[in-house]
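Take a look at the letters that make up each chain.
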Amino acid sequence: FEIFPFCFVLTPSIFFLGNLEPGESKWYCMCGQSANFPWCDGSHKAFNEKNGTKCAPQCVKNETEEAKTYSFCTCAHSKKRPFCDGSHRKVKPQVH
């Protein structure tokens with residue numbers, strides 16, 4: 001799959017802490033349209049059709065033997081998406 005940063009719609013929060021149990025996987029929303037954000041609900045299909053884009057969710061799996069908490073990016077500026085890398089600290093807030 002390809003990741004298209006321009007598809008992402010900025011959210012009011014800057015990161016989301018998500019817990020995954022051992023062996024658990026979830027699909028992270030890369031289009032920003034999911035009603036269940038940051039988890040994918042399939043909204044990218046209609047978004048892609050409407051906008052001519054190719055946004056796709058990204059699978060995140062906890063491959064450890066312990067429950068793990070991850071920091072997921074919701075600002076769309078992380079170079080390590082779907083994970084937060086602190087890039088939100090360098091971005092000026094936009095007034096809408």
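One numbering rule holds for all chains: residues counted from 1, following each sequence as written. Reporting of local features is limited, given that this is a predicted model, to residues whose pLDDT is at least 70; pairs of side-chain atoms are given and counted only at 80 or more, and all residues count toward the totals for whole chains, interfaces and linings. Neither water nor hydrogens contribute to the side-chain values; these are computed over all heavy atoms in the structure.

A.B. asks: Looking at this model, I keep getting lost on the confidence of the model for the chain. Mind explaining?
C.D. replies: Should the pLDDT be low somewhere, the predicted coordinates at that spot are not to be read in detail. Mean pLDDT over the chain: 81, with 80% of residues reaching 70 or higher. pLDDT: the predictor's confidence for each residue, scored from 0 to 100. Where helices and strands are cited, they refer to DSSP runs of H or I of at least four residues and of E of at least two residues respectively, numbered from the N terminus. Element-level pLDDT for the chain is lowest in strand 1 (residues 15-20), with a mean of 82, against a maximum mean of 94 in helix 1 (residues 44-51).

A.B. asks: I'm lost on the packing of aromatic side chains in this one. Help?
C.D. replies: In this description, a pair of aromatic rings is defined by centroid distance and the angle of the planes. Ring pairs shown here join Phe, Tyr and Trp side chains whose ring centres sit within 6.5 Å, with only the six-membered ring taken for Trp; geometry is labelled stacked below 30 degrees between planes, edge-to-face above 60, and tilted in between. Throughout the structure, instances matching the rule amount to six aromatic pairs. Between Tyr-70 and Phe-72, the aromatic rings sit 6.0 Å apart at their centres with planes inclined by 40 degrees, giving tilted as the arrangement. One exposure class covers both Tyr-70 and Phe-72, and it is buried. Taken together, a centroid distance of 5.7 Å and an interplanar angle of 35 degrees make the contact between Tyr-70 and Phe-83 tilted. A simple rule labels every residue: compare its accessible area, found with a 1.4 Å probe on the protein chains alone, to the largest value its type can have, and call it buried under 20%, exposed over 50%, or partly exposed in between.

A.B. asks: Explain the nonpolar core here, please?
C.D. replies: Proteins that are soluble and globular tend to have nonpolar side chains buried together. Only buried residues count toward a nonpolar core, which is a set of Ala, Val, Leu, Ile, Met, Phe, Trp, Tyr and Cys residues joined through side-chain atoms within 4.5 Å. Counting residues in each nonpolar core, the largest one holds nine residues, listed as Leu-20, Tyr-28, Met-30, Trp-39, Val-60, Tyr-70, Phe-72, Cys-73 and Cys-75. The element contributing the most residues to this core is strand 4 (residues 68-73), with three residues.

A.B. asks: Help me out: how do you make sense of unusual backbone geometry in this one?
C.D. replies: With the exception of glycine, most residues fall at negative phi, and the peptide bonds are largely trans. Along the chain, Phe-37 connects to Pro-38 via a cis peptide bond; the corresponding omega equals 15 degrees. On the secondary structure map, Pro-38 appears in the loop between strand 2 (25-28) and helix 1. Backbone torsion omega between Arg-81 and Pro-82 reads 20 degrees, so that peptide bond is classified as cis.

A.B. asks: Is there a simple way to explain the side chain of Thr-53 in this structure?
C.D. replies: Relative to the elements of secondary structure, Thr-53 occurs in the loop between helix 1 and strand 3 (58-61). By relative accessible area, which is 17% here, Thr-53 ends up buried. Within polar-contact distance, the side chain of Thr-53 engages the side chain of Asn-48 at 2.7 Å. Polar contacts, as used here, are pairs of N or O atoms within 3.5 Å; protein pairs need one atom able to donate a hydrogen and one able to accept it. Residues neighboring in sequence count only if both atoms are side-chain atoms.

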